[in-house]
There are 2 protein chains.
Amino acid sequence: MSTTSESPQRNTRQRRAVAAIMADLEGFASAQQIHDILKQRGESVGLSTVYRNLQALADADLLDALRNDDGETLYRRCSSGHHHHLVCRVCGRTVEVEGPTVERWADAVAEDHGFRDVEHTLEIFGTCGDCAS
Amino acid sequence: MSTTSESPQRNTRQRRAVAAIMADLEGFASAQQIHDILKQRGESVGLSTVYRNLQALADADLLDALRNDDGETLYRRCSSGHHHHLVCRVCGRTVEVEGPTVERWADAVAEDHGFRDVEHTLEIFGTCGDCAS
DNA sequence: GACGGATTTGACAATCGTTCCCGGCAGTAG
DNA sequence: CTACTGCCGGGAACGATTGTCAAATCCGTC
């Protein structure tokens, strides 16, 4: 335990490849999609390795992870601060949104009920203008 | 479609058993936990049947379903209107909360970005007063 | 530049929750 | 009561993810 800053991480081709994909990607993607993209680019990386590196990146708060209704875990590059997502259920386009009001409301509600160390998850789904037509 | 009152559903022992469990249960439970409880009570019901009935109840809005971080689907008896949950991450105690402000905010944000047919999910997690001590 | 120890990789098997399949059973209408 | 139709159950199938372990790779050091 002690220091959390420990990062005996090595700088491997595979780790770079995964990070590079995520840097490019606009929307959410599953581990398997990322594995496919890597294969297409010729940067073949083992599936296990993709999973491992995505988890590592998510643990390091460099990626956001969420589960879709099918039970798949989706990953996406994310700005660091606290925010939420507005996701098009058709094309997957994602908009980051902030809502200080909501944050305060959530904290207030939780405290009213005597809860501590409050966190929350909020996702908004809809059909974006382009897809609605 | 037409009338939603259609119920070509049969009134089986198994269906009653599952519904009865859910009526008793206070917190969230997974399909497999419910299957186990049924077995303990001697009301043995096939696992497939438990899954089917839970889904049916959730489709009928008699239960709320959500996925935990392990990818399991958890079910819980729920009041019918739209609301959210405040869940203790230690003991699982759940409080239903409403937030008209949040609903409006989510809809407004989505519309600002041209999204239609907006839905959202919101869960608040914390440690309840009892568990904090 | 080569060496050595530790970390990482990758192919495959294993796991876990959930769904599918299908023969047999049981509500329900007539 | 009889027939009809949906439901049940259990085991196989499935898909995402994780575990395993020898071989490859990285990196500080000589």
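For clarity, every value in this text was computed on a predicted model and none was experimentally measured.

1. Examining the protein's contact with DNA strand D
Taken together, 21 residues form the shell around DNA strand D, and within it Tyr51(A), Gln55(A), Thr73(A), Arg10(B) and Gln14(B) come nearest. At 3.0 Å, a side-chain N or O of Ser48(A) approaches a base oxygen of DNA strand D. At 3.2 Å, a side-chain N or O of Glu72(A) approaches a phosphate oxygen of DNA strand D. Secondary-structure elements contributing two or more residues to the surface near DNA strand D are α3 (47-59) of chain A together with α1 (13-24) and α3 (47-59) of chain B. In terms of residue class, the surface near DNA strand D is made up of two nonpolar, 12 polar and seven charged.

2. Regarding the protein's contact with DNA strand C
If you check the shell around DNA strand C, you find 22 residues, and the closest are Arg10(A), Arg52(A), Tyr51(B), Gln55(B) and Thr73(B). Expressed as a percentage, the sugar and phosphate content of the atoms of DNA strand C within 4 Å of the protein is 60%. A distance of 3.2 Å is found between a base nitrogen of DNA strand C and a side-chain nitrogen or oxygen belonging to Arg10(B). One of the side-chain N or O atoms of Ser48(B) is found 3.1 Å from a base nitrogen in DNA strand C.

3. Comments concerning helix α2 (residues 31-40) of chain A
All names here are of chain A. When we look at burial in α2, the residues that qualify are Ala31, Ile34, His35 and Leu38. Looking straight down α2, one finds that the buried residues subtend no more than 105° of arc, so they occupy a single side. Opposite the buried face of α2, by more than 90 degrees, sit the exposed residues Lys39 and Gln40. Check the buried side of α2 and you find it contacts α1 (13-24), β1 (29-30), α3 and β3 (73-77). The positive-phi residue at the C-terminal boundary of α2 is Gly42, with phi of around 80°.

4. Overview of the relation of the copies chain B and chain A
With an RMSD of 0.4 Å, the fit of chain B onto chain A corresponds to turning through 179° and sliding 0.0 Å along the axis. The transformation just described matches what one would write down for a two-fold rotation axis. Of every C-alpha in chain B, the one belonging to Leu122(B) sits nearest the axis of rotation, 2.2 Å from it. Comparing interface residues between copies, 100% of those in chain B also sit at the interface in chain A, which points to an isologous, same-surface contact.

5. A short note on the packing of aromatic side chains
We describe a pair of aromatic rings using the distance from one ring centre to the other and the angle between the two ring planes. Overall, the coordinates contain zero aromatic pairs over all chains when judged by the stated rule. Across the ring face of Phe28(A), the terminal group of Arg76(A) is positioned such that the distance to the ring centre comes to 5.9 Å.

6. Describing the domain arrangement of chain A
All names here are of chain A. Domain parsing of chain A yields domain 1 (1-78) and domain 2 (81-133). When each unit is reduced to the centre of its C-alpha atoms, the spacing between domain 1 and domain 2 is 23 Å. Every contact between the two is made by seven residues of domain 1 and, on the other side, seven residues of domain 2. Overall, the association of domain 1 and domain 2 removes approximately 460 Å² of surface from exposure, summing both partners, and the carbon and sulfur fraction of that is 58%.

7. Remarks on the UniProt feature "binding site: Fe cation" (unreviewed entry) in chain A
Residues and elements named next belong to chain A. Mapped onto this numbering, the UniProt entry gives "binding site: Fe cation" (unreviewed entry) at His82, Glu103 and His120. Across 39 residues of sequence, these annotated residues stay compact in space, with a maximum C-alpha separation of 10.4 Å. For His82, a relative accessible area of 47% puts it in the partly exposed group. Those residues in contact with His82 that sit more than four places away from it in its chain are Glu98, Glu103 and His120. With respect to the helices and strands, the residue Glu103 is situated in helix α4 (residues 100-112). In contact with Glu103, not counting residues within four places along its chain, are His82, His84 and His120.

8. A few points about the pairing of strand β3 (residues 73-77) of chain B
Residue and element names in this part refer to chain B. Alignment of strand β1 (residues 29-30) against β3, held across two bridges, turns out to be antiparallel. Counted as the bridge partner of Ser30 is Leu74 from β3. Bridging between strand β2 (residues 63-67) and β3 involves five bridges; their strand directions are antiparallel. Pairing of Asp64 across the sheet is with Arg76, part of β3. From the end of β2 to the start of β3, which pair antiparallel, there are five residues, and Gly71 there has a positive phi angle of about 90°.

9. Notes on the pattern of salt bridges
Residues and elements named next belong to chain A. Taken as a whole and judged by the stated rule, the model has eight salt bridges over all chains. Among the salt bridges present, the one from Arg41 reaches Asp24, with a minimum N-O distance of 3.1 Å. Here Arg41 is found in the loop between α2 and α3, whereas its partner Asp24 is found in helix α1, with 17 residues between them in sequence. Under the relative-accessibility criterion, Arg41 is labelled partly exposed at 47%.

Cut-offs and rules
- Throughout this document, residue positions are counted from 1 along each chain, in the order its sequence is written.
- Chains carry letters and ligands carry numbers; both start at the beginning, A for chains and 1 for ligands, and go up in the order they are written.
- With pLDDT at 70 or above as the cut-off, local features in this predicted model cover only qualifying residues; side-chain atom pairs require 80 or more to be listed or tallied, and sums for whole chains, interfaces and linings still use all residues.
- Working from all heavy atoms in the structure, the side-chain values ignore hydrogens and water.
- One heavy atom within 4 Å of a molecule or strand makes the whole residue count as near it.
- Polar contact is defined as a pair of N or O atoms within 3.5 Å, subject to the rule that within protein one atom must be able to donate a hydrogen and the other to accept it, and that residues adjacent in sequence are counted only when both atoms are side-chain atoms.
- Going along the chain from the N terminus, every DSSP run of H or I of four or more residues is numbered as a helix, and every run of E of two or more is numbered as a strand.
- All amino acids are sorted into three groups, where Ala, Val, Leu, Ile, Met, Phe, Trp, Tyr, Cys and Pro are nonpolar, Asp, Glu, Lys and Arg are charged, and the leftover types, Gly among them, are polar.
- Working definition: with a 1.4 Å probe on protein chains only, accessible area under 20% of the residue-type maximum means buried, over 50% means exposed, and in between means partly exposed.
- What the arc describes is the spread of directions from the helix axis to the C-beta atoms.
- Between two residues, a contact is recorded if the distance between any of their heavy atoms is within 4.5 Å.
- Least-squares superposition of the copies uses the C-alpha atoms of those residues scoring a pLDDT of at least 70 in each of them.
- Pairing of aromatic rings covers Phe, Tyr and Trp, the last through its six-membered ring, and needs centres within 6.5 Å; plane angles under 30 degrees mean stacked, over 60 mean edge-to-face, and all others mean tilted.
- For a ring to carry a charge above it, either NZ of a lysine or CZ of an arginine must fall within 6 Å of the ring centroid while also lying within 35 degrees of the normal to the ring plane.
- Boundary definitions for the domains trace back to an automatic or database domain assignment.
- Put simply, buried area is the surface a 1.4 Å probe can reach on two separate parts but cannot reach once they are joined, added for both.
- UniProt positions are given in the numbering used here, feature names are shortened, and annotations may be inferred rather than shown by experiment.
- Strand pairing is assigned whenever DSSP identifies at least 2 bridges connecting the two strands.
- In what follows, salt bridge is the name for a side-chain nitrogen of Lys or Arg lying within 4 Å of a carboxyl oxygen of Asp or Glu.

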